[in-house]
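Architecture and fold: a report
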Amino acid sequence: AALREGYEHFDPRAYLRNNYLPPRADFSSEEFVVPWKLRCLAETFASGEIRGRTLIDVGSGPTIYQLLSACDHFEEIVATDYLAVNREELGRWARGEPGAFDWSPFIQHVCKIEGRGEPWQDKERRLRQRLRRILPIDVHRPEPLGAPLRPPADALLSAFCLEAVSPDRAAFVRALAHVGNLLRPGGHALLLGALGESFYLAGPARLPVVPLEESDVREALAAAGFALRELRSYAMPPALRTGVDDVDGVFFAHAQK
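What you are looking at is a predicted structure, and each value in this text was computed from that prediction instead of being measured.

Relative to the helices and strands, glutamate 76 is located in strand 2 (residues 74-81). Residue class for glutamate 76 comes out buried when judged on its relative accessible area of 8%. A distance of 3.0 Å separates polar atoms of two side chains, one belonging to glutamate 76 and the other to arginine 133. Apart from the residues lying within four places of it in its own chain, the contact partners of glutamate 76 are Arg53, Thr54, Leu55, Arg130, Arg132 and Arg133.

Here we take up the pattern of salt bridges. Per the stated rule, a full pass over the model turns up 22 salt bridges. Among the ionic pairs, aspartate 245 bridges to arginine 24, the shortest N-O distance being 2.7 Å. Linking aspartate 245 in the loop between strand 8 (227-235) and strand 9 (249-256) with arginine 24 in the loop between helix 2 (12-20) and helix 3 (33-46), this pair joins segments that are 221 residues apart in sequence. Using a relative accessible area of 11% as the deciding quantity, one classes aspartate 245 as buried. The structure contains a network of salt bridges with shared partners spanning Asp72, Glu114, Arg116, Glu118, Lys123 and Arg126.

Moving on, we come to the packing of helix 2 against helix 4 (residues 84-94). Where helix 2 meets helix 4, the closest approach of the two axes is 10 Å, and the angle between their N-to-C directions is 70 degrees. By the angle between their directions, the pair helix 2 and helix 4 is classed as roughly perpendicular. Residues Pro12, Arg13 and Leu16 of helix 2 form the contact with helix 4, whose own contacting residues are Val85, Asn86 and Glu89. Of the residues in the contact of helix 2 with helix 4, the class split is three nonpolar, one polar and two charged.

Cis geometry is found at the peptide bond from proline 22 to proline 23, where omega equals 10 degrees. Within the secondary structure, proline 23 sits in the loop between helix 2 and helix 3. Of note, the amide linkage connecting arginine 150 to proline 151 takes the cis form, showing an omega dihedral of -10 degrees. Tracing the backbone shows proline 151 in the loop between strand 3 (131-136) and strand 4 (153-159). With a phi close to 55 degrees, phenylalanine 160 is a non-glycine residue in the positive phi region. Relative to the helices and strands, phenylalanine 160 is located in the loop between strand 4 and helix 7 (169-180).

Before going further, it helps to examine the sheet that holds strand 2. Sheet architecture is open: seven strands sit in the order 3-2-1-4-5-9-8, paired in mixed fashion. The sheet is open, and its two borders are formed by strand 3 and strand 8, each paired with just one other strand. When strand polarity is set aside, the average angle formed by the axes of neighbouring strands in this sheet is 15 degrees. Pairing of strand 2 with strand 3 involves five bridges; the strand directions are parallel. Bridging across to strand 3, alanine 79 finds its partner in isoleucine 134.

As a further point, take the UniProt feature "binding site: S-adenosyl-L-methionine" (unreviewed entry) in the protein chain. According to UniProt, the positions carrying the feature "binding site: S-adenosyl-L-methionine" (unreviewed entry) are Tyr15, Tyr20, Gly59, Ser60, Tyr65, Asp81, Asn86, Asp138 and Val139. Their sequence span is 125 residues, while the largest C-alpha to C-alpha distance among them is 24.5 Å; these annotated residues do not converge on one region. Residues within four places of serine 60 in sequence aside, it is in contact with Gln66, Ala79, Thr80, Asp81 and Leu90. Within the structure, serine 60 has its side chain in polar contact with the side chain of aspartate 57 (distance 2.7 Å). In this structure, aspartate 81 sits in strand 2. Residues in contact with aspartate 81, not counting those within four places in the same chain, are Gly59, Ser60, Gly61, Asn86, Arg87, Leu135, Pro136 and Ile137. A polar side-chain atom of aspartate 81 sits 2.8 Å from the main-chain amide nitrogen of glycine 61.

How each quantity is defined
- Residues numbered from 1 in each chain as written.
- Predicted model: local features only at pLDDT ≥ 70, side-chain atom pairs only at ≥ 80, totals over all residues.
- Heavy atoms only, no water.
- Helix = DSSP H or I, 4+ residues; strand = E, 2+ residues; numbered from the N terminus.
- Buried < 20%, exposed > 50% of the residue type's maximum accessible area, 1.4 Å probe, protein only.
- Polar contact = N/O pair within 3.5 Å; in protein donor to acceptor, adjacent residues only side chain to side chain.
- Contact = heavy atoms within 4.5 Å.
- Salt bridge = Lys/Arg side-chain N within 4 Å of Asp/Glu carboxyl O.
- Axes fitted to C-alpha atoms, helices over the stretch in contact; angles between N-to-C directions.
- Parallel < 35°, antiparallel > 145°, perpendicular 65-115°, else oblique.
- Nonpolar A, V, L, I, M, F, W, Y, C, P; charged D, E, K, R; others polar.
- Pairing = 2+ DSSP bridges.
- UniProt positions renumbered as here; feature names shortened; annotations may be inferred.

Written out as structure tokens, the structure is:
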């Protein structure tokens, strides 16, 4: 209940300013956090192993950067979020409306690291075409979408969601198991999340986060029925500790149901 109340004050634009503009969104060096996240995703999708009909993005928030490498490998991408304000922000970008957040630097960077030489506008167009649905979700329900996804998703992606909406580690594990219900057996799950974070700011909202260590991520995935394939971590440098959160680092996990 306290979490729900906090998220009523969530400001998508403030969240985007805090995390997806400089200094954190600096593409001049791979040492910065946003290029690191994009490279983790690009390299994992480049294997060609993670592909299929449907990818579901759990807790998309107001962001699309996490879908840029995924969109080449799935016929349909389903974005989801608990908050209507985030779903509206995603919808504005998907429809190409004036005033939507400018993701073009992210798209250009992903095209650069993927190295296929395609115009970035082609990738932008492809993601918009494949982002077919933007749905409400509640990861604390055994059926997070209110009903089973039919057919189940071939892959699951979630970035900075589960640890930010769970009151404790046990709830984090349960939420991971719940979203796993959306995935077919053998399907892949890619997670980006915060390490050692206890809060973050989004405008007037100060939101609690479950502080996780790498060992917590490993244990939660195993408890939720996933086999861990890869786990990487990034230590947040002092220059990127801007006061909008107290995050120590970021993890990237690739697991299989």
